[in-house]
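One letter stands for each residue in the lines below.
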Amino acid sequence: MPEKKIITDSGIEVQEVYTSADLPPAGTPEELPGEFPYTRGVQRDMYRGKLWTMRQYAGFSTAEESNARYHYLLKQGVMGLSVAFDLPTQIGYDSDHPLAEGEVGKTGVAIDSIEDMQTLFKGIRLEDVSTSMTINATGYILLAFYTALAKSQGADLKKISGTIQNDILKEYAARGTYIYPPKPSMRIITDIFEWCSHELPKWNTISISGYHIREAGSTAVQEIAFTLSNGKAYVKAAMEKGLDINVFGKRLSFFFNAHNNLFEEVAKFRAARRMWARMMKELGATDPKAMMLRFHTQTGGSTLTAQQPHNNIARVTIQTLAAVLGGTQSLHTNGFDEALSLPTEEAARIALRTQQIVAFESGAADTADPLAGSYFIESLTSQVEEAAWQLISHIDEMGGSVSAIERGFIQEEIARSAYQYQQRVETKEQIIVGVNSFQTAGTGSIPVFRIDDSIRQVQIEKLNSLKKRRDPAKVDRILQDLNDKASSGENIMPVVVEAVEHLCTLGEIADTLREVFGEYK
């Protein structure tokens, strides 16, 4: 009987045993952490010098409720905040818009105005925290809210640190919360790059995201290939605008997923660093920091199961180890109950404790790139890299990521991989504990977190109050100025900050650009 083949999710065959013959050829220069091409990490001492930033993604209901959760997380030892926004906020609708009905406060916090932002961070000095905001199509508006709030706190904008996701290409390919067509969306992103280089020099202007590509069903290889291709498109767009790759290149960051195949995930992170360094060097970067791939990781949402949800604690632990052994700069760990609802406080605390146990009890943080030199890891890193370069070359032949997305290539590749994975689950070629094997009869009772629909009415009342207190003539003048600058090609960020300071709402600002750019269908 022929021996069963074992393959990773990316289709890479795993050998029964690995030997020195599987290492890079003799004479290959030895790689060290903190040195080009950064396969082994972007810092020489990695976590001995500074642990990764432990973030917990939170945001739900109203700004008041999310603020209470942030204070709780900060007391539990979180080092950085990570904000989730509701769907209306993500696609540029105020809470009183008819399309917002049933969605306000559900997948994240509702932010309609600068006043909501003030409430969200009440009692938190923005100079003292690093904040990551998962926002794309309306990223420019949320960044303006954050900047205006920092100014009102008297903060030094040169010290404000954090990240906006701001990665619109993956929205067209995998997630769907886009507003404007690709070309004007790319223009907004390069406006943010340019403005932040002067006003918020420590701010990461984009988090080029493979996370949602993986959540949509891609393989590990596709995740880094499509993400790095998107990164290349952003770099080229910025350079075409006349920006210096050595300046904006230092403020690019990435956002990856961590799944359950520990070794393939570690190999993926190592390969991505090496590939990005070479890609940036080819594009003309000479500053070492502009060639470093720095990334945030979130454990895999799509790997969580509603069946036997406590099993998810073990999954998240494996994924945490993968991210840490792979050299992440910051990490969010999912709650075990997130296949059922937003995480309860208990689930969020266990998720954070998982990171802390790995950091302080496992030994994984004691030395840089601890799996380096493993016959298996080194071989797998090279195989993942080779397969990813093949995909990137194919996308380059199409004219780059924007063209590949417009032609549907990336979407089709992700859909095909998702279908093939589901087939393996259904035939039990891929075992999911508690789902297609090792099942139990009872479901058990897990407390779930529910969001009340009355939140929309609360937000509408806030909006009505705000509109009564502002100067309508000033609002009209600023929104017309925004329209003019968007039409003329001037950088829109200064006027967007002015608009939020004069109580223009998120929906009004997004609609002004809808008039200029149209909507992508």
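Here is a short report on the structure shown in this document. (Residues numbered from 1 in each chain as written. Predicted model: local features only at pLDDT ≥ 70, side-chain atom pairs only at ≥ 80, totals over all residues. Heavy atoms only, no water.)

### Describing the overall build of the protein chain
Rule in force here: Under the DSSP-based scheme used, a helix requires at least four consecutive residues in state H or I and a strand at least two consecutive residues in state E, with every element numbered from the N terminus. For the radius of gyration, the atoms used are the C-alpha atoms, and the globule rule reads 2.2 Å times the number of residues raised to 0.38. Relative accessible area decides the class of each residue, using a 1.4 Å probe on protein chains only: under 20% of the type maximum gives buried, over 50% gives exposed, and in between gives partly exposed. When checking whether two residues touch, look at their non-hydrogen atoms; a contact exists if any pair is within 4.5 Å.
Across its full length, the protein chain carries 19 helices and 9 strands. Over its C-alpha trace the protein chain gives a radius of gyration of 23 Å, about what one expects of a compact globule, namely 24 Å for 521 residues. Considering only C-alpha atoms, the protein chain reaches an extent of 80 × 60 × 45 Å along its principal axes. Considering the protein chain as a whole, with its 521 residues, one finds that 57% of them fall into the buried category. Pairs at least 24 residues apart make up 78% of the contacts formed inside the protein chain by residues separated by at least 6 positions.

### Thoughts on the environment of Lys159
Along the chain, Lys159 falls in the loop between helix H4 (139-152) and strand S4 (161-164). Residues Lys159 and Leu200, spaced 41 residues apart in sequence, show a C-alpha to C-alpha distance of 7.7 Å.

### Notes on the side chain of Ser207
Inspection of the secondary structure assignment puts Ser207 in strand S6 (residues 206-209). We classify Ser207 as buried; its relative accessible area is 6%. Setting aside residues no more than four positions away along its own chain, Ser207 makes contact with Thr163, Ile164, Gln165, Asp167, Ser253, Phe254 and Phe255.

### Some remarks on helix H15 (residues 409-426)
Put simply, the test is: What a helix is expected to span follows from its residue count: subtract one and scale by 1.5 Å. The directions considered for the arc run from the helix axis to the C-beta atoms.
For H15, spanning 18 residues, the distance from its first C-alpha to its last is 26 Å, which sits close to the expected 26 Å at 1.5 Å a residue. For H15, the full list of buried residues reads Phe409, Ile410, Glu413, Ile414, Ser417, Arg424 and Val425. The buried residues of H15 occupy an angular sector of 150° when projected down its axis, which confines them to one face. Along H15, exposed side chains directed more than 90 degrees from the buried face belong to Glu412, Tyr419 and Glu426. Elements that come into contact with the buried residues of H15 comprise helix H5 (169-175), helix H7 (211-215), helix H8 (220-240), helix H13 (375-397) and helix H14 (401-406).

### Examining H4
Residues spaced three or four apart along an α-helix face the same direction, because each turn holds 3.6 residues. With 14 residues, H4 ought to run about 20 Å at 1.5 Å a step, and its terminal C-alpha atoms sit 20 Å apart, in line with that. Of all 14 residues in H4, 12 are buried, a share of seventy percent or more. Those residues of H4 not exposed but buried are Gly139, Tyr140, Ile141, Leu142, Leu143, Ala144, Phe145, Tyr146, Thr147, Ala148, Leu149 and Ala150. Downstream of H4 by a residue or two, Gly154 has a phi angle that is positive, lying close to 80°.

Don't take any of this as a statement about function, it's just geometry.
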